[in-house]
Amino acid sequence: MQKMWKIHFIGGTFTQKDYLSPSYINNTNPRYIEMDHMFFSTIVLTNYYREQKEIILKNLIDSNINMNISMFYEKQDTYKVIKDLTYHIGNVSADLKEFNDNRQDFDIAAFTYQDAKYIRREMQVNNEELYFLYVYINVFSEQKKELEYLLNKIEGLIQSKGIQTRRADFRQEQGFLSCIPVFCNHPDLKPIAKRNILTGSLVSTYPFISSSIFDEEGIYIGTNIYNNSMVFIDRYDTEKYKNANMCIFGTSGAGKSFYTKLLILRYRILGISQYIIDPEREYIKLCDILGGTLLKLGASSETYVNVMDIRKESIEEGEQGYLATKLGKLLGFFNLIFGEMNEEEKALLEEKIIETYQRKGINFDDHSLYQNHDIKNKFKSSKDMPILEDLYNVLSEDSNMKSFEIKLIPFIKGSLKFFNHYTNIELENELIVADVYELEEEYLKYGMYIFTELFWDKIKLNREERKAIYLDEIWRLIGVTSNKEVASFIYKIFKTIRKYGGSGIAITQDISDLFSLENGIYGKSILNNSSIKSFFNLEEENIKILEKYTNLSEKEKIEIKSLKKGECLMFVGENHILTKIDSSEIEKRIILEGVFNEENYNCNWK
């Protein structure tokens, strides 16, 4: 016969408290406590300057030292305090008359007398209240030697602010209990830590301060070099930042290109449209991995962009003036080819450009840009637009335009004839990279300008969508090799792009060239119209130039010069923080090696 057994389990004695408790505590040394192979020691703040004009703990919080800071405030009864102060003032006033023979006693009593009168006046007149303040700092480390080093460092930082400290030797257990979150201000430490403070001075003890940035909807940038806190920036936060523009400056090899690619990669994941001018062929592999569209402009390229194109998105819906808008852009482009023109030459050239469009049936009436001159119909295609050769033919008919005609020959019949084509590509991708690497140094600015104009039209297409345009080596467009019309166009982009939900990113290593045109007014304007600035390692000469246009402190100038690869000084709104750019292993492989294996990662960029 089979027996049935009933088994009863009785609850054990292991509680949540046991989970939190250490496995052992060694309290035999008067200078520290040892728990679970970690050493703890407490510092007590015992005295302060009579007046504090800044946050007293800022330099501690900005450090990367392992510590817990505990502060206690005890509000005192206002009526009792004023009563006691009045009694004290009367007694000290009488004592002052007896101290004339002892100068030292007189000075001490005089200070006490004035302080008591000051506190009473603030409480009676300005409605201040009196508190008792207690501050404890518990430092911890896995090594006793390192613990001593950290204690000395903290004492130095605190004492440099005029604050006196004392180690809680023989009271380390009490110090530890006062610094853990159990709301215990241990009575054994209170007498040496207690100092009075008025309501207005409580601000100087505000603990939640840090130079790091943590935007709720931001992307991860890296860590604060001083305190290892994470930096998240949402440059499209219109409530926090005036615009979404960025400047990225740094010498070759300092890490600015890696940082730029990291931004492109992370914003690609968010589905933000991005357009990149690539003069050094740095973004081709990234473009391929992320499923972007690559545009090449050069002798061997098979993709073309017609500089004479008028695009439907070049003006916003409801506005007018297609041809007038295009004329301004074309004058900037031809300024690059023909050099600085006087007003008469500009007027003559504009007349010839207008005639060129008229021969294609396009005039200042916007209806002429639509098939059958009906706005309800389809907008004219690139094949319906003139090309450079059409303008060349118009110029050849006027002997007064001979010099302009000659300068256009390379673009029509010579080495630059790839500029003389109809546009043959569709640009519907959210990531487009314009490769102008094949253009020689002298002609690079032509390609950069054409693509900048193209991307600007794309950015204006929809105000509700977030987008960005990256201008690498921007000095070529606003530096001494450019001209005022082109620089003004680039400045206009940075000034107005926020209205279209866009972000302009200026990237360069040649800061001297950036500020070389018109005494640097365009470079300065772009810098001032960028809410976020990232300065990687720079040479002394470039730092001196940058100093003229930014509010760099002496300390920050030294820091920029000594930055390591991948480190930068970031100006984010009003905050200045030293940041170490961080990335994951997959991001490093994509950026540095151009390698991505979709089988190993649950991600499809395309």
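All figures in this text were calculated on a predicted structure; none of them were measured in a lab.

Okay, the packing of aromatic side chains next. Counted under the stated rule, the structure contains 28 aromatic pairs. Centroid distance Phe-40 to Phe-140: 5.9 Å. Interplanar angle 35°. Geometry classified as tilted. One end of the pair, Phe-40, is in strand 3 (residues 38-47); the other, Phe-140, is in strand 5 (residues 130-141), and 100 residues separate them in sequence. As far as burial versus exposure is concerned, Phe-40 and Phe-140 are alike and both buried. For the pair Tyr-259 and Phe-536, a centre-to-centre distance of 5.7 Å together with 50° between the ring planes defines the contact as tilted. Pair noted here: Tyr-259 is in helix 8 (residues 256-269) and Phe-536 is in the loop between strand 16 (532-535) and helix 19 (540-549), with a separation of 277 residues, a long-range link. Here the basic side chain of Lys-194 rests over the ring of Phe-132, its NZ or CZ set 4.7 Å away from the ring centre. One Lys or Arg, Lys-261, reaches over the ring of Tyr-283 and ends 5.9 Å from the middle of that ring.

Looking now at the pairing of strand 16. Residues Ile-532 and Ser-534 of strand 16 are buried on one face, and the alternating residues Lys-533 and Phe-535, pointing to the opposite face, are buried as well. Across four bridges, the pairing between strand 10 (residues 246-249) and strand 16 is parallel. Among the inter-strand pairings, Ile-248 is bridged to a residue of strand 16, identified as Ser-534. Relative to strand 17 (residues 567-572), strand 16 runs antiparallel, the two sharing four bridges. Within strand 17, the residue paired with Lys-533 across the bridge is Phe-571.

We now examine helix 10 (residues 322-338). Across its 17 residues, helix 10 extends 24 Å between first and last C-alpha, which sits within 8% of the 24 Å expected from 1.5 Å per residue. Two residues or fewer past helix 10, Gly-339 is found with a positive phi of approximately 85°.

Okay, unusual backbone geometry next. In this structure, Asn-127 takes a positive phi of about 60° despite not being glycine. The topology assignment puts Asn-127 in the loop between helix 4 (103-125) and strand 5. The exposed category is assigned to Asn-127, whose relative accessible area is 64%. Even without a glycine there, the phi angle at Arg-281 is positive, about 55°. Structurally, the position occupied by Arg-281 is in the loop between strand 11 (273-278) and helix 9 (284-289).

With that settled, the discussion passes to the pattern of salt bridges. With the rule as written, the count across this model stands at 32 salt bridges. Asp-215 is the salt-bridge partner of Lys-240, the closest N and O atoms lying 2.5 Å from each other. Placement of the pair is Lys-240 in the loop between strand 9 (230-233) and strand 10 and Asp-215 in the loop between strand 7 (195-198) and strand 8 (219-224), with a sequence separation of 25 residues. On the basis of relative accessible area, Lys-240 is assigned to the partly exposed category, the value being 44%. Here the salt bridges share partners, and the residues they tie into one network are Arg-31, Glu-148, Glu-155, Arg-167 and Asp-169.

Tracing the sequence through the fold places Thr-550 in the loop between helix 19 and helix 20 (554-561). Thr-550 sits in the buried class, given a relative accessible area of 14%. A distance of 2.9 Å separates a polar side-chain atom of Thr-550 from the backbone oxygen of Leu-546. Among residues more than four places away in sequence, those in contact with Thr-550 are Leu-527, Phe-535 and Phe-571.

Residue placement: Asp-237 occurs in the loop between strand 9 and strand 10. Separated by 332 residues in the primary sequence, Asp-237 and Leu-569 have C-alpha atoms spaced 21 Å apart. Within the structure, the side chain of Asp-237 is placed 3.1 Å from the backbone nitrogen of Glu-239, a separation counted as a polar contact.

Rules used in this analysis
Residues numbered from 1 in each chain as written. Predicted model: local features only at pLDDT ≥ 70, side-chain atom pairs only at ≥ 80, totals over all residues. Heavy atoms only, no water. Phe/Tyr/Trp six-rings, centres within 6.5 Å; stacked < 30°, edge-to-face > 60°. Helix = DSSP H or I, 4+ residues; strand = E, 2+ residues; numbered from the N terminus. Buried < 20%, exposed > 50% of the residue type's maximum accessible area, 1.4 Å probe, protein only. Lys NZ or Arg CZ within 6 Å of the ring centre and 35° of its normal. Pairing = 2+ DSSP bridges. Expected span 1.5 Å × (residues − 1). Salt bridge = Lys/Arg side-chain N within 4 Å of Asp/Glu carboxyl O. Polar contact = N/O pair within 3.5 Å; in protein donor to acceptor, adjacent residues only side chain to side chain. Contact = heavy atoms within 4.5 Å.

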